[in-house]
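For reference, the chains in residue letters:
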Amino acid sequence: GSNKVGVVGGMDVPVIRSFVSGYMAGVKYVNPEAEVLVSYVGDFGNPAKGKETALAMYDRGADIVYHAAGGTGLGVFEAAKDVDRYAVGVDIDQTVIDPEHIVASSVRKLDQLIFDIIKDYQETGQFEPGAHYHGLKENALEYKVSEAVDIDPAIIENVEELREKIISGELVIPDKVEDVDEFLSQNKQ
């Protein structure tokens, strides 16, 4: 490939920047030479803007474009299909939309999160109001890979190894873009 990937964010807000920083950290961790193209389109419901932005990234050489852009991300998928490249979905298993071009999805397991909070309340009678942060360790996140794309098993093996390092706390993924370089300098492969 070109050593370039992209990420389209719906809005330039903290929660979306955390998606972007995690993606950037992961890409650069496994390939320090990779370039990550980033664009925030300012909208979660504009597939045309998502497509235009992704096409520009593909034109600049991106092989894969990830989105954290809600409905705007549907345009990213259209762009991937138009130029026969890959995209990565978010929140749910979006590989089913176009298994030939959506190579994977990061999946938030909100059902598991809600179940665990209710179960904890039933067992303890306590509920802690406020923000609750759950990730791989708490089984609140997973990934899905398209069955229609031939992915080298060594890549999946590497992803699983990294997943275990995150769960164990050996790798702490930054949630701020400005912390990615520090993460990379502290965690050279």
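Right above here is the structure, for reference.
Residues numbered from 1 in each chain as written. Predicted model: local features only at pLDDT ≥ 70, side-chain atom pairs only at ≥ 80, totals over all residues. Heavy atoms only, no water.

*Asks:* Before we go on, may I ask you to explain the overall build of the protein in this structure?
*Replies:* From N to C terminus, the protein includes six helices and six strands. When the helices and strands of the protein are read in sequence order from the N terminus, they spell out β-α-β-α-β-α-β-β-α-β-α-α. Since a compact globule built from 189 residues should have a radius of gyration of about 16 Å, the 17 Å found for the protein is in line with a globular shape. Each principal axis of the C-alpha distribution contributes one length, and for the protein these read about 55 × 35 × 35 Å. Burial status across the protein gives 34% buried among its 189 residues. In the protein, 59% of the contacts between residues at least 6 apart in sequence involve partners at least 24 apart. Carbon and sulfur atoms make up 52% of the accessible area of the protein, which totals about 10900 Å². In the protein, 17 positive and 34 negative side-chain charges are present, and the distance between their average locations comes to 3 Å. (Helix = DSSP H or I, 4+ residues; strand = E, 2+ residues; numbered from the N terminus. Rg over C-alpha atoms; globule rule 2.2 N^0.38 Å. Buried < 20%, exposed > 50% of the residue type's maximum accessible area, 1.4 Å probe, protein only. Contact = heavy atoms within 4.5 Å. Areas by Shrake-Rupley, 256 points an atom, 1.4 Å probe, with all protein chains shown as cover. Lys, Arg positive; Asp, Glu negative; His and termini not counted. Charge placed at Lys NZ, Arg CZ, Asp CG, Glu CD.)

*Asks:* Any chance you could explain the packing of aromatic side chains here in plain terms?
*Replies:* When we look at a pair of aromatic rings, we describe it by the centre distance and by the angle of the planes. For the structure shown, the criterion picks out two aromatic pairs. Ring centres of tyrosine 23 and tyrosine 66 lie 4.8 Å apart, and the angle between their planes is 25°; this geometry places the pair in the stacked category. Here tyrosine 66 lies in strand β3 (residues 64-68) and tyrosine 23 lies in helix α1 (residues 14-30), a separation of 43 residues in the sequence. Relative accessible area serves as the criterion here: at 6%, tyrosine 66 is assigned to the buried category. The interplanar angle of 45° and the centroid separation of 6.0 Å between the aromatic rings of tyrosine 29 and phenylalanine 183 together place this pair among those described as tilted. Separated by 154 residues along the polypeptide, tyrosine 29 in helix α1 and phenylalanine 183 in helix α6 (residues 180-186) bring together distant segments of the chain. The residues tyrosine 29 and phenylalanine 183 share a single accessibility class, namely buried. (Phe/Tyr/Trp six-rings, centres within 6.5 Å; stacked < 30°, edge-to-face > 60°.)

*Asks:* I would appreciate a short explanation of helix α3 (residues 73-83) in the present structure.
*Replies:* Helical periodicity: at 3.6 residues per turn, an α-helix aligns residues three or four positions apart in one direction. Along α3, the residues that are buried comprise Gly73, Gly75, Val76, Phe77, Ala79 and Ala80. Check the buried side of α3 and you find it contacts β1 (4-9), α2 (47-59), β3, β4 (86-91) and β5 (102-108). In the stretch just after α3, aspartate 84 is the one whose phi turns positive, near 55°.

*Asks:* Whenever I open this one, α2 confuses me. Can you help?
*Replies:* When the terminal C-alpha atoms of α2 are compared, their 18 Å separation across 13 residues agrees well with the 18 Å that a helix rising 1.5 Å per residue should span. Looking at the packing, one finds that the buried side of α2 touches β1, β2 (35-40), β3, α3 and β4. Phi turns positive, to about 110°, at glycine 61, one or two residues after α2. (Expected span 1.5 Å × (residues − 1).)

*Asks:* Mind showing me how you'd approach the sheet that holds β3 here?
*Replies:* Working definition: the strands of a sheet are paired by backbone hydrogen bonds and lie parallel or antiparallel to each other. Taken together, six strands build an open sheet; the order of strands is β2-β1-β3-β4-β5-β6 and the sheet is mixed. The two strands at the open ends of the sheet, each matched to only one other strand, are β2 and β6 (141-145). Across the sheet, the mean angle separating the axes of adjacent strands is 20° when strand polarity is ignored. Looking at chain direction, β1 and β2 are connected through six bridges and run parallel. Counterpart to valine 5 in the pairing with β2 is valine 36. Across the sheet, α1 is in contact with β1, β2, β3, β4 and β5; its angle to β2 comes to roughly 170°. (Pairing = 2+ DSSP bridges. Axes fitted to C-alpha atoms, helices over the stretch in contact; angles between N-to-C directions.)

*Asks:* It is not clear to me how the side chain of serine 146 should be interpreted in this structure. Could you clarify?
*Replies:* By the element assignment, serine 146 lies in the loop between β6 and α5 (153-168). From its side chain, serine 146 meets the backbone oxygen of proline 99 in a polar contact 2.6 Å long. Setting aside chain neighbours within four positions, we find serine 146 in contact with Thr95, Pro99, Ile102 and Val103. (Polar contact = N/O pair within 3.5 Å; in protein donor to acceptor, adjacent residues only side chain to side chain.)

*Asks:* Got a minute to help me understand the packing of α2 against α3 in this structure?
*Replies:* Two numbers describe a pair of packed helices, the interaxial angle and the distance between the axes. It is at 6 Å that the axes of α2 and α3 come closest, and there the two elements cross at 45°. Considering their axes alone, α2 and α3 lie oblique with respect to each other. The interaxial crossing formed by α2 with α3 has right-handed handedness. Residues Pro47, Gly50, Lys51, Ala54, Leu55 and Tyr58 of α2 form the contact with α3, whose participating residues are Leu74, Gly75, Val76, Glu78, Ala79, Ala80, Asp82 and Val83. Here the contact of α2 with α3 is built from residues that sort into nine nonpolar, two polar and three charged. (Parallel < 35°, antiparallel > 145°, perpendicular 65-115°, else oblique. Left-handed = near helix turned anticlockwise from the far one by under 90°. Nonpolar A, V, L, I, M, F, W, Y, C, P; charged D, E, K, R; others polar.)

Any functional reading would require information beyond the geometric quantities listed.
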